[in-house]
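Structural features, examined
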Amino acid sequence: MMKFELDPITAGWASFDRVIDVLDAAVRPGPWLLGQKFSAADVMIGCDLWYGINLMKIVPDRPAIQAYVQRCTERPAFQRALKIDAG
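Residues numbered from 1 in each chain as written. Predicted model: local features only at pLDDT ≥ 70, side-chain atom pairs only at ≥ 80, totals over all residues. Heavy atoms only, no water.

Turning our eyes to something else, we now look at the nonpolar core. Of all hydrophobic cores here, the largest spans 14 residues; its most connected members are Val27, Leu49, Ile53, Val59, Ile65, Tyr68 and Val69. Of all the secondary structure elements, the ones that give two or more residues to this core are helix H1 (16-27), helix H2 (40-54) and helix H3 (63-73). For this core, the leading source of residues is H3, giving five residues. In contact with Val59, other than residues within four places in its own chain, are Phe16, Ile20, Leu49, Gly52, Ile53 and Ile65. (Core = buried A, V, L, I, M, F, W, Y, C linked by side-chain atoms within 4.5 Å. Buried < 20%, exposed > 50% of the residue type's maximum accessible area, 1.4 Å probe, protein only. Helix = DSSP H or I, 4+ residues; strand = E, 2+ residues; numbered from the N terminus. Contact = heavy atoms within 4.5 Å.)

This brings us to the packing of H1 against H3. Put simply, H1 and H3 touch, their axes get as near as 9 Å, and they point 60 degrees apart. With respect to their mutual orientation, H1 and H3 come out oblique. Once H1 is placed against H3, the crossing between them reads as left-handed. Together, Ile20, Asp24 and Val27 of H1 and Ala64, Ile65, Tyr68 and Arg71 of H3 make up the contact between the two elements. (Axes fitted to C-alpha atoms, helices over the stretch in contact; angles between N-to-C directions. Parallel < 35°, antiparallel > 145°, perpendicular 65-115°, else oblique. Left-handed = near helix turned anticlockwise from the far one by under 90°.)

For the peptide bond that leads from Gly30 to Pro31, omega is -5 degrees, which places it in the cis range. Examined against the element boundaries, Pro31 turns out to sit in the loop between H1 and H2. Backbone geometry places Lys57, a non-glycine residue, at a positive phi of 55 degrees. Relative to the elements of secondary structure, Lys57 occurs in the loop between H2 and H3. Residue Lys57 is classed as exposed on the basis of its relative accessible area of 63%.

No statement about biological role is implied by the geometric values presented.
Listed below in structure tokens is the structure:
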């Protein structure tokens, strides 16, 4: 309405495709978002990506993302959470 344009690099949001591209680049070096150290960021992003792949089926098939989610799901705590969720 006011013809205000925000630089997409500095905005607090992005298109779905850009988010997937950024996540793909972030997990590609691996094994975790912070390199060798597993962190709360991996719990959050790993769970969200798993949900988007397996339940929502909206995350595109990207090898780096698939490998990252596989590493996340192999963690014992993730396996316990899945069992709790399954009832």
